[in-house]
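Observations on chain architecture
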Amino acid sequence: MIDRTIQSTSYTLFDELKEGIILVDNHGVICYFNQSAERMVQKQYHLQIDQHILSIIPNSGMMRVLHTKRKEEQKMFAISDTDYLLISRYPLKDKENQIIGAVAVLQEASQKREWLDDDNIQMLLTLILQKSAEAYVIVDEQGLVIMQNPSYDGLISVVDQEQHESVIKNREEVFQTRRDAEITLNTDTLCLSIKSTPIIVDGKLKGCLQIIENKTETVYLKKELQQTKAIIRGLEHNYQFDDFIYRSPFMKFAIEQAKLAAATKRVIFIRGEEGTGKFMLANAIHNWSENKFKLFKRIHPKRNQAQLNKFLSTNCTKYKGTIYLENVTYLSIDEQTLLLEKLREFGKGEKQASFRLIISSPIKLEKALIAGAFLEELYDELMKTNIYLPPLSERKEDIYPLSKYFLMELNQESDRWIQEIDLEAQKALESYSYTSNALELKAILQLAVVRVQEEETVLKLEHLFHSGEKKEQPIELEDTTDDVDQPLSELVEKYEKVIIEKTLRKLEGNKTLTAKTLGLSVRNLYYKLDKYHLN
Amino acid sequence: MSRYRILVINPRSLVTEIALYENQVPIIIEDLHHDSEKIREFSSIVSQYKFRTNEILLYLVDKGINLSKLAAVCGRGGLLKPIDGGTYIINAAMRNDLLGQTRGEHPSNLGALIAYEIAEHLEIPSYIVDPVVVDEMDNIAKISGYPKITRKSVFHALNHKATGRRAAMELGKKYEKVKLIIAHLGDGITIGAHSNGKVIDVNNGLNGEGPFSMERSGTLPHGDLVDLCYSGEFTYKEMKQQLLYHSGVMAYLDKPRSLQIEEELQNPDNPNYLIFEALAYQVAKEIGSASTVLFGKVDAIILTGELAFSNLFVKLIMERVSWIADIMVYPGENERQSLAEGVLRVLRKEEIPKEYGDREECEDNGKGV
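Residues numbered from 1 in each chain as written. Chains lettered and ligands numbered in written order. Predicted model: local features only at pLDDT ≥ 70, side-chain atom pairs only at ≥ 80, totals over all residues. Heavy atoms only, no water.

1. Examining the overall build of chain B
- Helix and strand counts for chain B come out as 14 helices and 14 strands.
- For chain B, the C-alpha radius of gyration of 21 Å lies close to 21 Å, the compact-globule estimate for 369 residues.
- Taken across its 369 residues, chain B has 53% of its residues classed as buried.
- Contacts in chain B between residues at least 24 apart in sequence constitute 69% of all its contacts with a sequence separation of at least 6.
- When the accessible area of chain B is evaluated, it comes to approximately 17,600 Å², of which 51% is carbon and sulfur surface. (Helix = DSSP H or I, 4+ residues; strand = E, 2+ residues; numbered from the N terminus. Rg over C-alpha atoms; globule rule 2.2 N^0.38 Å. Buried < 20%, exposed > 50% of the residue type's maximum accessible area, 1.4 Å probe, protein only. Contact = heavy atoms within 4.5 Å. Areas by Shrake-Rupley, 256 points an atom, 1.4 Å probe, with all protein chains shown as cover.)

2. Examining the sheet that holds strand S3 (residues 25-33) of chain B
All names here are of chain B.
- With mixed pairing, seven strands are arranged side by side in an open sheet as S3-S2-S1-S4-S6-S5-S14. Either end of the sheet is taken by a strand with one partner, and the two such strands are S3 and strand S14 (354-355).
- Note: strand S1 (residues 5-11) against strand S4 (residues 72-76), four bridges, orientation parallel. Residue pairing in the sheet places Leu7 in a bridge with Val73 of S4. (Pairing = 2+ DSSP bridges.)

3. Concerning the packing of helix H15 (residues 399-414) of chain A against helix H17 (residues 437-451) of chain A
Residue and element names in this part refer to chain A.
- The interhelical angle for the contact between H15 and H17, taken along N-to-C directions, is 50 degrees, at an axis separation of 10 Å. Overall, the two elements H15 and H17 adopt an arrangement that is oblique. Considering the relative orientation of H15 and H17, their crossing is right-handed. Taken together, the residues of H17 that come into contact with H15 (itself represented by Ile399, Leu402, Ser403, Phe406, Leu407, Glu409, Leu410, Glu413 and Ser414) are Ala438, Leu441, Lys442, Leu445, Gln446 and Val449.
- Among the residues making up the contact of H15 with H17, the classes are represented as nine nonpolar, three polar and three charged. (Axes fitted to C-alpha atoms, helices over the stretch in contact; angles between N-to-C directions. Parallel < 35°, antiparallel > 145°, perpendicular 65-115°, else oblique. Left-handed = near helix turned anticlockwise from the far one by under 90°. Nonpolar A, V, L, I, M, F, W, Y, C, P; charged D, E, K, R; others polar.)

4. Overview of the interface of chain A and chain B
- Across the contact, 16 residues belong to chain A and 17 residues belong to chain B.
- With both chains or domains summed, chain A and chain B bury close to 1,500 Å², and 48% of this area falls on carbon and sulfur atoms.
- By the criterion of area lost to chain B, the three top residues of chain A are A:Glu236, A:Phe293 and A:Leu295, representing 44% of everything that side buries.
- Along the contact surface separating chain A from chain B lie four salt bridges.
- Residue A:Lys320 pairs with B:Glu120 through a salt bridge whose shortest N-O separation is 3.5 Å.
- For the pair chain A and chain B, the interface holds nine residue pairs in polar contact (both at pLDDT 80 or more). (Buried area = accessible area lost by both parts, 1.4 Å probe. Salt bridge = Lys/Arg side-chain N within 4 Å of Asp/Glu carboxyl O. Polar contact = N/O pair within 3.5 Å; in protein donor to acceptor, adjacent residues only side chain to side chain.)

5. Focus: the sheet that holds strand S9 (residues 191-201) of chain A
Residues and elements named next belong to chain A.
- Here we have five strands laid out as an open sheet, ordered S7-S6-S10-S9-S8, and antiparallel in their pairing. In this open sheet, the two strands that pair with only one neighbour each are strand S7 (145-148) and strand S8 (181-186). For this sheet, the mean inter-axis angle between neighbouring strands, taken without regard to orientation, is 20 degrees.
- Pairing analysis gives six bridges linking strand S6 (residues 135-140) to strand S10 (residues 204-214), with the strands arranged antiparallel. Of the residues in S10, the one forming a bridge with Asp140 is Gly207.

6. Quick word on a nonpolar patch on the surface
- Taken together, the side chains of A:Ile121, A:Leu124, A:Leu125 and A:Ile128 define a hydrophobic patch exposed on the protein surface, amounting to about 340 Å² of accessible area.
- Summarising the element assignment, A:Ile121 is placed in helix H5 (residues 118-131). (Patch = residues over 30% accessible without salt bridge, like charges linked within 9 Å, V, L, I, M, F, W, Y side chains within 5 Å.)

7. A few points about the nonpolar core
Residue and element names in this part refer to chain B.
- Membership of the largest hydrophobic core comes to 36 residues, with the highest contact counts inside it found for Leu7, Ile56, Leu60, Met94 and Ile118.
- For this core, the secondary-structure elements that each account for two or more residues are S1, strand S2 (15-22), S3, helix H2 (49-62), helix H3 (92-99) and helix H4 (109-122).
- If one sorts the elements of this core by residue count, H4 sits on top with eight residues.
- Once residues lying within four places of it in the same chain are set aside, the contact partners of Met94 are Leu80, Tyr88, Ile89, Ala112, Ile128 and Tyr356. (Core = buried A, V, L, I, M, F, W, Y, C linked by side-chain atoms within 4.5 Å.)

8. Here we look at the side chain of B:Asn109
Residues and elements named next belong to chain B.
- In this structure, Asn109 sits in helix H4.
- Take Asn109: its relative accessible area is 1%, and that puts it in the buried class.
- Here Leu79 takes part through its backbone nitrogen, which lies 2.7 Å from a polar atom of the side chain of Asn109.
- Not counting the four nearest positions on each side in its chain, Asn109 is found in contact with Val46, Gly78, Leu79, Leu98 and Gly104.

9. Looking at unusual backbone geometry
- For A:Lys69, which is not a glycine, the phi torsion comes out positive at approximately 60 degrees.
- Position of A:Lys69 relative to the elements: it lies in the loop between helix H4 (62-68) and strand S3 (72-78).
- A residue is classified by how much of its surface remains accessible, and A:Lys69, at 40% relative accessible area, is partly exposed.
- Positive phi values are uncommon outside glycine, yet B:Asn196 reaches one of about 45 degrees.
- Mapped onto the elements of the fold, B:Asn196 is located in the loop between strand S10 (189-195) and strand S11 (198-202).

10. With respect to the pairing of S2(B)
Residue and element names in this part refer to chain B.
- Counting buried residues in S2 gives eight out of eight residues, a clear majority hidden from the surface.
- Covered by surrounding structure in S2 are Val15, Glu17, Ala19 and Tyr21 together with Thr16, Ile18, Leu20 and Glu22, the residues of both alternating faces.
- Sheet topology places S1 next to S2; seven bridges connect them, and they run antiparallel. Along S2, the bridge assignment pairs Asn10 with Glu17.
- Sheet topology places S2 next to S3; eight bridges connect them, and they run antiparallel.

11. Some words on the packing of helix H11 (residues 305-313) of chain A against helix H12 (residues 333-348) of chain A
Residues and elements named next belong to chain A.
- As a packed pair, H11 and H12 sit with axes 10 Å apart at the nearest point and diverge in direction by 45 degrees. The angle between the axes of H11 and H12 places the two elements in the oblique class. Crossing geometry of H11 relative to H12 is assigned as left-handed. Judged by residue contacts, Gln305, Leu308, Asn309, Phe311 and Leu312 of H11 engage Glu335, Leu338, Leu339 and Lys342 from H12.
- The residue makeup of the contact of H11 with H12, split by class, is five nonpolar, two polar and two charged.

12. Considerations on the packing of aromatic side chains
- According to the stated counting rule, one finds 13 aromatic pairs over all chains in the structure shown.
- Between the aromatic rings of A:Phe14 and A:Tyr32, the centroid separation amounts to 5.9 Å while the plane-to-plane angle is 45 degrees, which identifies the pairing as tilted. With A:Phe14 in helix H1 (residues 2-16) and A:Tyr32 in strand S2 (residues 30-33), the pair connects residues that are 18 residues apart, well separated along the chain.
- Here B:Lys81 stacks its cationic end above the ring of B:Tyr356, 4.6 Å away from the centre of that ring. (Phe/Tyr/Trp six-rings, centres within 6.5 Å; stacked < 30°, edge-to-face > 60°. Lys NZ or Arg CZ within 6 Å of the ring centre and 35° of its normal.)

Spatial relationships are all this shows, so hold off on functional conclusions.
The structure is reproduced here in structure tokens:
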């Protein structure tokens, strides 16, 4: 009886405790738990009298204590991913030292994290800072360094004077504004992202924390990925406006014009010499427009005669995507009349048109106009929305960036590491007069790269042209406007002759090299030399 | 030889598997993972097709691929009405059946819809190849023995057909001229008798015919099954789930899916050995039964699918069936390659694409037994 009274009194007392109490018998069945215990575990478990502890808390350690008869003190126990309890478990023994049960005392873990005092926190912070890959530095209000980590030491040793000044300046900005400051330092070899935060205690500025992240690798990889994508687009003949490389205002103007035109459904006319990027621009307009997921159809009047006829004779509404009609001057007068009708029809139903039409010409229409080979009305119609792509001779400032880009491509193709073009070579490239613009520039560089030794990183004048031949005036191709009546085979032969002659002269008459450059067998080259009387 | 670029699309519940082939050579193989939240926003599976189309196109454009260079687009065939095997041009009748979900809802229904959507704008043809509903079963095979139940042809048609063609080529014959027994040993197991290019009989692995598999039960004694169904232990849905996902090897071993069959078969004293041996035994038995469909005139027995990667498992089957015919093993299953090859045959004019017709036509073929 007295036992009972004591028992019930102590149970009432237990409910007053902050600590949780769980009591199990020698089989592990729960005999008692207090209110604190219930509250501590209720998120995850629902305690019940007369239930086996393992059926309620499957990973409970009570059975272990019953088995080992040893006490366990201050053990961490995870209630959930974020909540922990500190549990002490004691075996309960009778006079004969027989186990009659066990008791668990539960404490909220946060109460017990007293070891996290100020000193320990500082030690912990230092540890985190030391091991961090990011560079950290803490300075006091005077600008004196209080703490810095090894990453910071490493980083500071590679930056130059100017960059170091920027780092200091960034801190000073924080002291002045008492706000976060952020800058990015970007050079050819290094990219740093610097962030500074004021340390304010009780409203007073006590110092500044500066975090420097070295993003060089990320930036480099991003750049490389972009270059690879651009190369794929080049191989796929699938361009974007970003693929144009230029500095000149003329080109910038042309690209802006193209972007504006791409937003409308107007017929676009692109003028520009061979190799100025007419196809590229037409394709970029297509990929910029809402038609980008549709077909881009290229029609060359001579090569795709059947397609041209079909296009000129069928109803416009059948087409989707973009139709790119190149070399418009190749059209006969009859075909031009048909095209004119089509353009007028297109102009009327501009908004309903299911497709976009882009037309181009490599030669000045005015010449054909004067010669009577081109319809004046068609000319007027075309000039309504026209974009002019200037030749390289009109935008010499683009030659250097273009060359650098081509070299990057050629480096990958031929396993070279050419990083720079020396001043002499730059000048030579700029003063050269190109017949087929960027195409020819690329061809020249292609030849030059073969002459560069594997270990060389700079392209020099001697690689470019052979002595005495620099700034050579290339053979002008005859204006093909007058040749429109000639069959294609004759035109091709004419062109072939010019190319062979030009290459041969460039390579100082070396026939083996000429054959190799042009992708011919030596025998075939000799045959052609004979045929065109080039001996 | 012409080079054809083929875009292949195999939609799954949260992923769209795509591949870009140049003839048989894959240039891009990618699984586009979709945001599950976004997918859940759609009221039905088919309504996702514009969203998934856009995701595919954006991906390809980002990679720099010139869409105008594509020659054809191929989608995984969905739940259509029963049709002959082969490559089908995607037409309005097919799209209507898929949009209307007349034969059921499944992510593969999106394949044809997406393929058509992309191809139409590029003015190129779009196809499906050997969908799961391929039905070339002989009328005699459709008789179940109980008039209210007709046997149906539901099997891994794409892999069966692609592997059949591959094997026929190695045998130096045309697929249309050989008699083969093909066992697809994957998540489900289907064993088909291929006679002159047609699958004249095959077990319906999804519906409890044939051998058991890793997770599914095979044929069960129907008396006991009926008793179990009415025992009150399971609801209709639970019973179906039991048979499809909680039977087979896994149910006996009570182990997770990642079980390595090759490891389990290393030691005959392993307590699990008997179960795997039984699996091989039942597969062999089904192959034996298929050999009678072909009157014993079998050019080759072909084992394919994931389980065929296990040499020991293959050996167990071989011991029992090698007297029937030579055995050829093509482990794994490459759905995207099979789809591309199906389209390539059509583009190269080696095969004439079929038209998905209206229902009457199909039933005239005697498919409605």
